[in-house]
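The lines below spell out each chain.
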Amino acid sequence: MKLLHYKMNNKIKCVYVATLSLLALSLGSYAQTTVQSPYSKFGLGNLRGSVLPQQRGMGGIATGVYRSSGINNINMQNPASYAGIYLTTLDIGMSGSRTELKTSNLSENSFNASLSHVAMAFPVTQKSALSVGILPYSELGYDFKNTVSIGSGTSAKTVDYLYNGEGGLSKAYIGYGIQFGDHFRVGANAEYLFGNLIQSRSTEVSDLGALNSRDQVKNSIYGFNYTYGAQYDFRLGNKTTLVVGYSGSSSAKLNSERSQYTTIYTKDSQGNALSALDTLDFIENGKTNMKLPLMHSVGFTLQKENKWLIGADYRMGKWSKMSIDNVNQNLQDAYGVSVGGQFTPDITAINGYFKRVDYRLGLTYDKTYVQMNNEDIKQMGVTVGLGLPLSSYARSSFYKMNVSAEIGRRGKTSNGLIQESYVNFHLGFMLNDKWFQRFRFD
């Protein structure tokens, strides 16, 4: 019986390792994520943030989150939190988004889904742990046009300006967190950012046989970035703790290989673009650099162990300093606030499954780095989430499924802007296990 139990435990571990490896390869090869957002045209696209479904369900609070429940969670937003991981932890997930784009007189719906993260952490000592993983950093995806009329009367012509973009950046990281004494923790991540940002602008005339032009730019970006964090907790008695935290990222310089092509082409009678007739200008793999801004986040959580948690985060990024090839990108400084919490009725309940479920709720507000028509683009949303315990098939093993949803809005329809209404879904499967052990007793 003892041997059977040991073999079963190892088979389960092998299944998770195989799944982790497969998804890691999938994420590595699928560096271009899917999204449909005109606002992703600016900067690096829509930033994803380094939070998993369990944190997203609480509005995205993470800077002051240490241990949010009786199970280990990976919180790469603040690597100091790794110090609290005492079991090997795997977290694998996916996400989907339904978006409605709306102007003053038009609307359009879209749905996109993709793998969202693969992360792993394991203890090194009793007060330190290491984490590795891969997840999206930003998403770029848009396709829209602006139609204008040139001339008047019989000589009037219709000209379409078409804008298209796709791609995004992914982030692979390795991080370490350690605790000093009983209350203070520090940690850091080394992150490798990589991916392609592909954008094009076409000018098409309505006349059949007219020469049209397209300018396409591809930036292949790669390089290292570094993030760091610290946490300090105050024991308030009766299993109640206040945790304050800080996290930030360096102003790193990434490498970029820039290719640019300007071509002319015609369209057939059905309006389909034909092969390029000529290339007017091109640059291939021109070496440039991209400077990321400094980013900071502060936050706190107040929690009663294994019962409830409430907290808030404030974040800011100096995106006005971002440059490509030493050229400022005319972005705005960004800031945001998140508040949220979690409640678990009775984590030790034997009867009544829903007493052991984590219930999460949060609010989030951001002034993004985008400004259009002299107006800052803002977004806000409400989040909900559940942490659903799953059955364990081996000793010292804990399984949980984390689901969350974000219902929000970016921009507005007035002043010639576009309003995005979105519902984002996040799903993650998490395993806690004590590996490399043999059982002496059954």
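It should be noted that the structure appears before, not after, this text.
Below is a short write-up of the structure. Because the structure is predicted, anything quoted here is derived from the model rather than measured.

### Digging into the pairing of strand S17 (residues 375–390)
Here is step 1 of the chain: When strand S16 (residues 358–372) meets S17, the two strands line up antiparallel, connected through 12 bridges. Its bridge partner being in S17, Tyr359 is matched across the sheet by Leu386.
Here is step 2 of the chain: From the end of S16 to the start of S17, which pair antiparallel, there are 2 residues, and Asn373 there has a positive phi angle of about 50°.
Here is step 3 of the chain: As paired strands, S17 and strand S18 (residues 398–410) are joined by 12 bridges and run antiparallel to one another. Note that in S18 the partner of Val384 across the bridge is Ala405.

### Focus on the packing of aromatic side chains
Here is step 1 of the chain: Counted according to the given criterion, the structure contains 8 aromatic pairs.
Here is step 2 of the chain: Residues Trp319 and Tyr369 carry aromatic rings whose centres are separated by 4.8 Å and whose planes lie at 55° to one another, so their mutual orientation is tilted. Taken together, the residues Trp319 in the loop between strand S12 (308–317) and strand S13 (323–324) and Tyr369 in strand S16 connect sequence positions 50 residues apart.
Here is step 3 of the chain: Looking at Trp319, the relative accessible area reads 2%, which means it is buried.
Here is step 4 of the chain: Grouping aromatic residues by their ring pairs yields a cluster made of Tyr142, Phe144 and Tyr163.
Here is step 5 of the chain: Positioned above the aromatic ring of Phe42, the side-chain terminus of Lys41 is 5.5 Å from the ring centre.
Here is step 6 of the chain: Its end group placed over the ring of Tyr66, Arg185 keeps NZ or CZ at 3.6 Å from the ring centre.

### Here's the deal with the side chain of Thr288
Here is step 1 of the chain: By secondary structure assignment, the location of Thr288 is in strand S10 (residues 278–291).
Here is step 2 of the chain: Given the relative accessible area of 14%, Thr288 is considered buried.
Here is step 3 of the chain: Apart from residues no more than four positions distant in its own chain, Thr288 is found in contact with Leu254, Asn255, Ser256, Arg258 and Asp325.

### A look at the pattern of salt bridges
Here is step 1 of the chain: Under the definition given, this model contains 14 salt bridges.
Here is step 2 of the chain: For Asp233, the salt bridge is made with Arg185, and the minimal N-O distance between the two is 2.7 Å. On the criterion of sequence distance, the pair formed by Asp233 in strand S7 (residues 212–237) and Arg185 in strand S6 (residues 184–205) is long-range, its members being 48 residues apart. No difference in accessibility class separates Asp233 from Arg185, as the two residues are buried.

### So, a nonpolar patch on the surface
Here is step 1 of the chain: A cluster of nonpolar side chains, namely Val298, Tyr314, Met316, Tyr335, Val337, Val339, Leu361, Leu363, Val382, Val384 and Ile407, defines an oily patch on the protein surface of about 880 Å² accessible area.
Here is step 2 of the chain: For the nonpolar patch, the elements supplying multiple residues, two or more each, are S12, strand S15 (334–343), S16 and S17.
Here is step 3 of the chain: No other element matches S15, which puts 3 residues into the nonpolar patch.
Here is step 4 of the chain: Within the secondary structure, Ile407 sits in strand S18.

About the thresholds
- Residues numbered from 1 in each chain as written.
- Predicted model: local features only at pLDDT ≥ 70, side-chain atom pairs only at ≥ 80, totals over all residues.
- Heavy atoms only, no water.
- Pairing = 2+ DSSP bridges.
- Helix = DSSP H or I, 4+ residues; strand = E, 2+ residues; numbered from the N terminus.
- Phe/Tyr/Trp six-rings, centres within 6.5 Å; stacked < 30°, edge-to-face > 60°.
- Buried < 20%, exposed > 50% of the residue type's maximum accessible area, 1.4 Å probe, protein only.
- Lys NZ or Arg CZ within 6 Å of the ring centre and 35° of its normal.
- Contact = heavy atoms within 4.5 Å.
- Salt bridge = Lys/Arg side-chain N within 4 Å of Asp/Glu carboxyl O.
- Patch = residues over 30% accessible without salt bridge, like charges linked within 9 Å, V, L, I, M, F, W, Y side chains within 5 Å.
- Areas by Shrake-Rupley, 256 points an atom, 1.4 Å probe, with all protein chains shown as cover.

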